[in-house]
Amino acid sequence: MNAVLQMTGVSRTHGEGATLVHALRTITFAAYAGELVAVMGPSGSGKSTLLTLAGGLDTPSGGTVAVEGTDLGVLGHKDRAKLRRSAIGYVFQDFNLIPALTAAENVALPRELDGVSARAAAALARDALADVGIDDLADRYPDEMSGGQQQRVAIARAIVGERRLILADEPTGALDTETGEEILRLLRARCDAGAAGVLVTHEARHAAWADRVVFLRDGIVIDESGSAPVDALLQPELSR
Amino acid sequence: MNPLRRWAPALRVARREAVRARGRSALVLGMIALPVLGVTAADVVIQTAKISGAEAIERRLGTADARITLEPGITKMRQTPDPDAGGWSGDGGRREAVTGFTDLETVLGRDLAAVEVVEASQMVVTDVGVADIQVIETDLTDDLTDGLYRITEGRVATASDEVVVNGALAARGFGVGDPLEVRNGPTLNVVGIGESTSVRGYPLAVAPLGSFGLRTNPGSHRWLVDAGGAVTWDEVRALNEVGALVLSRAVLLDPPSTSQLDPDIQYSTGTDDALIAVIALVVVMALLEVVLLAGPAFAVIARRMQRSLALMAATGATPPQARRVVLASGIVLGAAGAVLGVGLGLLVAWLSLPVVQRFTDAFLGPFDVPWLHLVGIAGFGLLSALLAAIVPAWISSRQDVVSVLAGRRGDSKPSLRSPLLGVLLLLGGGVALAVYGATTRQNGEYAIAVAAIVAVLGMILLVPFVVVGLSKLAGVLPLPMRYAVRDAARHRTRTVPAVAAVAATVAGVVALGIANASDAAKSEATYTYALPMGQASLTTYRGGADWDAYRRVAEQFVPDAQVMPVQGVQGNGRAWTDVVFRLDGERPFLTAYGSRLGTDVPVAGADGALPAFVNGIDEDERERAEAALRAGGAVVFVSENVTADEATLVVRAHGPDSGDPVRVTMPVAAITVNPLDEAFRGVLSVEAAAAVGVEAATVGLVIDGAEISEAQEQDVQEALAAISPSLSFYVERGYQPPDENLIILLVLGALGGVLMLGGTLTATFLSLSDARPDLATLSAVGASPRTRRAVAASYAMVIGVVGAVLGAAVGFIPGVAVSFPLTNASYIQDIDPSLPGHFLAIPWLLIGSLVVALPLLTAAVVALATRSRLPLVARID
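Reference entry: report on the structure contained in this document. For clarity, every value in this text was computed on a predicted model and none was experimentally measured.

**Quick look at the overall build of chain A**
Then comes step 1: The helix and strand inventory of chain A stands at 8 helices and 10 strands.
Then comes step 2: Here chain A holds 240 residues, and the buried ones make up 54% of them.
Then comes step 3: Relative to all contacts within chain A whose residues are 6 or more apart in sequence, the contacts with residues 24 or more apart total 71%.
Then comes step 4: Surface summary for chain A: the accessible area is close to 10,200 Å², and the carbon and sulfur share equals 49%.

**Quick look at the pattern of salt bridges**
Then comes step 1: By the definition in use, this model includes 23 salt bridges over all chains.
Then comes step 2: Between B:E119 and B:R222 there is a salt bridge whose closest N-O contact spans 3.6 Å. Separated by 103 residues along the polypeptide, B:E119 in strand β5 (residues 118-125) and B:R222 in strand β12 (residues 221-226) bring together distant segments of the chain.
Then comes step 3: Since its relative accessible area comes to 24%, B:R222 is described here as partly exposed.
Then comes step 4: A single network of salt bridges, built from pairs that share partners, joins A:K82, A:R85, A:R111 and A:D114.

**Regarding the sheet that holds strand β21 (residues 696-704) of chain B**
Residue and element names in this part refer to chain B.
Then comes step 1: Ordered by their spatial adjacency, 4 strands build an open sheet running β15-β21-β14-β22, and the pairing between neighbours is antiparallel. Of all strands in the sheet, those with a lone pairing partner are β15 (562-569) and β22 (727-731), marking the two edges. Averaged over neighbouring strand pairs, the angle between their axes works out to 25° when direction is ignored.
Then comes step 2: Judged from the 4 bridges that link them, strand β14 (residues 536-540) and β21 form a sheet pairing that is antiparallel. The partner of L538 across the bridge, within β21, is L701.
Then comes step 3: In the packing of helix α18 (residues 547-557) onto the sheet, contacts are made with β14, β15, β21 and β22, and the angle to β21 comes to roughly 5°.

**Quick notes on the sheet that holds strand β2 (residues 21-32) of chain A**
Residues and elements named next belong to chain A.
Then comes step 1: Here we have 4 strands laid out as an open sheet, ordered β2-β1-β4-β5, and antiparallel in their pairing. Both edges of this open sheet fall to β2 and β5 (70-71), since each of them pairs with a single strand only.
Then comes step 2: Contacts between helix α1 (residues 47-54) and the sheet are confined to β1 (3-14), β2 and β4 (62-67), with β1 contributing the most and set at about 120° to the helix.

**Regarding unusual backbone geometry**
All names here are of chain A.
Then comes step 1: Residue T26 is not a glycine yet carries a positive backbone phi of 30°.
Then comes step 2: Mapped onto the elements, T26 comes out in strand β2.
Then comes step 3: Of note in the backbone geometry, E68 takes a positive phi value of approximately 50° without being a glycine.

**Comments concerning the pairing of β21(B)**
In summary, the side chains of a regular strand alternate between the two faces of the sheet.
Then comes step 1: Where β15(B) lies against β21(B), 8 bridges are found, and the strand directions are antiparallel. Bridging from a neighbouring strand, B:M564 pairs with B:V702 of β21(B).

**Details of the packing of helix α3 (residues 103-113) of chain A against helix α5 (residues 147-159) of chain A**
If you want to describe how two helices pack, look at the angle between their axes and the distance between the axes.
All names here are of chain A.
Then comes step 1: One can describe the packing of α3 onto α5 by two numbers: an axis separation of 7 Å at closest approach and a directional angle of 25°. With respect to α5, the axis of α3 lies roughly parallel. Helix-helix and strand crossings are classified by hand; for α3 and α5 the assignment is right-handed. Along its contact with α3, which presents A103, N106, V107 and P110, the element α5 presents V153, A156 and R157.
Then comes step 2: Its residues placed into classes, the contact of α3 with α5 shows 5 nonpolar, 1 polar and 1 charged.

**Things to note about the nonpolar core**
Inside soluble globular proteins, nonpolar side chains tend to come together where they are buried.
Then comes step 1: Membership of the largest hydrophobic core comes to 90 residues, with the highest contact counts inside it found for A:L109, B:F298 and B:V506.
Then comes step 2: Other than its neighbours up to four places away in sequence, A:L109 contacts A:I98, A:L101, B:L479, B:L778 and B:V781.
Then comes step 3: Grouped together as the second largest cluster of nonpolar side chains are 39 residues, A:L36, A:A121, A:L129 and A:L199 included.

**Re the packing of aromatic side chains**
Then comes step 1: Under the criterion given, the structure shown has 4 aromatic pairs over all chains.
Then comes step 2: Cation over ring: B:R324 sits above B:W7, and NZ or CZ is 5.8 Å from the ring centre.

**Side note on a negative patch on the surface**
Residue and element names in this part refer to chain B.
Then comes step 1: A grouping of D618, E619, D620 and E623 is seen on the molecular surface, where their side chains present a negatively charged patch.
Then comes step 2: Here D618 is to be found in the loop between β16 (576-582) and α19 (619-630).
Then comes step 3: Residue classification places D618 among the partly exposed residues on the basis of a relative accessible area of 48%.

**Remarks on the interface of chain B and chain A**
Then comes step 1: Chain B puts 22 residues into the contact, and the matching count from chain A is 28 residues.
Then comes step 2: Both faces combined, the contact of chain B with chain A buries some 2,400 Å², and carbon together with sulfur accounts for 58% of it.
Then comes step 3: Scanning the region where chain B abuts chain A turns up 4 salt bridges.
Then comes step 4: In this structure, A:E105 engages B:R482 in a salt bridge whose closest nitrogen and oxygen atoms are separated by 3.5 Å.

Conventions used here
Residues numbered from 1 in each chain as written. Chains lettered and ligands numbered in written order. Predicted model: local features only at pLDDT ≥ 70, side-chain atom pairs only at ≥ 80, totals over all residues. Heavy atoms only, no water. Helix = DSSP H or I, 4+ residues; strand = E, 2+ residues; numbered from the N terminus. Buried < 20%, exposed > 50% of the residue type's maximum accessible area, 1.4 Å probe, protein only. Contact = heavy atoms within 4.5 Å. Areas by Shrake-Rupley, 256 points an atom, 1.4 Å probe, with all protein chains shown as cover. Salt bridge = Lys/Arg side-chain N within 4 Å of Asp/Glu carboxyl O. Pairing = 2+ DSSP bridges. Axes fitted to C-alpha atoms, helices over the stretch in contact; angles between N-to-C directions. Parallel < 35°, antiparallel > 145°, perpendicular 65-115°, else oblique. Left-handed = near helix turned anticlockwise from the far one by under 90°. Nonpolar A, V, L, I, M, F, W, Y, C, P; charged D, E, K, R; others polar. Core = buried A, V, L, I, M, F, W, Y, C linked by side-chain atoms within 4.5 Å. Phe/Tyr/Trp six-rings, centres within 6.5 Å; stacked < 30°, edge-to-face > 60°. Lys NZ or Arg CZ within 6 Å of the ring centre and 35° of its normal. Patch = residues over 30% accessible without salt bridge, like charges linked within 9 Å, V, L, I, M, F, W, Y side chains within 5 Å. Lys, Arg positive; Asp, Glu negative; His and termini not counted. Charge placed at Lys NZ, Arg CZ, Asp CG, Glu CD. Buried area = accessible area lost by both parts, 1.4 Å probe.

Right, dumping it as structure tokens:
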């Protein structure tokens, strides 16, 4: 089975000479449909860098990043943007909702940017909001919602329109325990429905929701739990 | 703590912030420097062009101590220190002895050396005919005239058959070595080309005394005098007593006070009050504009510092200390902008002097820098920066520390107080004052000017309300516009000043545009046609005309036209006949004078047909008129409906053979015409003319049927001038709007465009920099790189359209109001009741382009100037 996200020998450096910093050193990483992968590690280990490379928000200094078989490196800005609109969903730690748009408009954003008519996009948005359980807040502005509600809107935005890859960067960082658990439950449900999810977190209890945990330190994978992709649960003879 | 120590940290922070945010600082610097630059350059150019008495001395006096003018018939002179500028008045009378040069020497008590200067105009022969030029006879080789005339080619005229011409005359075809022939006068050789230091545009020739044989009035003289020293003001007054007008070098350099002038002449040195009022208004408006444009910039600076200021407050700073930091950036950027503006203004003025010179007739003086003015202008720039920084400074000193530290963006909810006050000002102040100004009898313009300012202020208070209202309706707009409108409403501190600046500018342009258009409409409607459009007439005011020769000239230069003779009662010349129609013994209803065709009463042809050049009559009336003419009667033009079949012709001949008036009653057709269109009193048939003893003669020529260009007109004028000086050739070109109208409209449109572009660009780029986090989110969510451009263009559209619509609406108030006193044409109605008593013309093209085209253009410029790449950051802070 093909990986939804396949990173091969990817490295990323910043600066040069005396200020050279290796954020990632030739890591190989994959996420498959139906599984939620957690990426853990201390700060400075390169977790966020891995996520930004995976989402096409940044270009690697070496190696290839492929989403659904397409090498992001050969795509131009416009095509990468298209991928972010239709295939990849990103959830940030500080929500990053646009304060000037209502919840429904924020969720409809990727679809509207993709050329879908406002009405159709609004309908899809409402479906996504219903999925995350806050369709009654559709016409509220972000200023008028709590942190947990905003993060749900952000997740709705990441999943609207059937995305296949969801990247979440410490989505529960700004939330209380109970709300955090709710959020992860949503992510888990999404992955069960067929998407591939990559969750960056530093809390073990959140990582417990994942099928597989990858540990990073100083830019390299130092450990990985779960020796086989999910298919292995169904086909014992397949191995990594 | 002494003030310097209080401000030092704030200034340091402001300076560092300004250097860090280079783009934004450059924008604010530009906002402040540009008006300062403009005013500086304009002031320097004006000061340089204004040849004040002291600067222009060599140009008028050469190296002489004084210029003394004597006119016969003036026995006592009263003058200002500079009679060319300030004026003079003289008393006339008969004198036993005419004042001469020796009398001047007697008054001054010393011998004088002098060079005489004689000025006159002469006709010279050109290729096409004859042209009128200015002529000066003087001795250019004498030292006293050094500085009056600058030779650029060839040499000075020394012999009496030599002449020097200026550039304007040389352009007519008189180069060095060519002959210059004076009509009925000598022919001189052109030996040099130069420029008179005071006159450029008019053709001028200079020759030694006596070359042209100028016959000036006996007793009239002008001398450049070497008095062996200064001619003081007391000596000038003494010379005035003998009737001499004196321009003295010493007096120009050190003018006496007004009290030392003759009391009768003191009034002419007053200043122009209206000019001062206009200058004050312009200064206030300019200040308002700069404040409104720089305001958004300082608002953003304050927002950037918000976090730092909140931290300062959290650690114990007081509100004044927080305010000081924002005000300090006002001081830093204001001072830098003012100095930059003055420096660049001087450069621009210096560079533009050659261009200005090309367009003016008078010579510009030496580069004159009015330093005191410049200090004032720079102070103005600094003041406007401070004013622009005050509101953001105040807001930032009272912000909610907790919400800022928690990272919430956006302004608080708008209050209802300001819009209510705004409506009050707009309706109560603006509209009411405007109505008062429009209907009052005198000086309504001042009330309307105040109304304009009050209305603009009221509108400014309404802008937040409008912007917020617009954001509520934005749901139906496409994404970039929806985002721009809502974001603009959320950050009113930044948006409102920009919209207000655009609106204030547009209001001013619209008001002035309406006033201008209404005035032009009135001029056009009340224009009286001397002839039908396109027709030309050739007349003379002397007798003894050679009509065949004139006809040949007309046919030569306007080959396609028909030339028809005008037969009529001789109305000009030494013997002329006055024909008046009286109906029922009453005064005539219509008295027309000054027909362009040489007569007030033309005579019809032998077949009784109405002459072709009689216009303004309907077809059916023409029938009636011709019937009367065929019956041997006459046609009378009246301004009201009259049912009379008969009239009495009263014919009075003037001149050497005048006799008693002749009265004959005859059948007439009375035809009603528009008095502004008809220039004749009536038409006589041949029999009627014979009956009153009038001989019909050719009194003029009508040229019709072809379009006569301005070049052809000039050729005909010159050719006719060669034949006889008393001929008049007139081409009816209809209402010609004066060139200044078009120039005013263009300047208004350009000014509006520049200010709108400036305001919109400022606000848009500030908004873009403010919206960086949102743009990064858009990028993360998958917006194409073009989206940044679309968002920028949307910001520009919002500001441009809202500002232009509001401004145009408000501009109507003073514009419509001022059209009333401006176009008050009640006197016209007395003459022609069909004309309205008031004219209102709305320049829809100007308004449409301001409201529609200009915002679109601005948005396009902004879109082109914006980077299209969205910021790509995942961690937004």
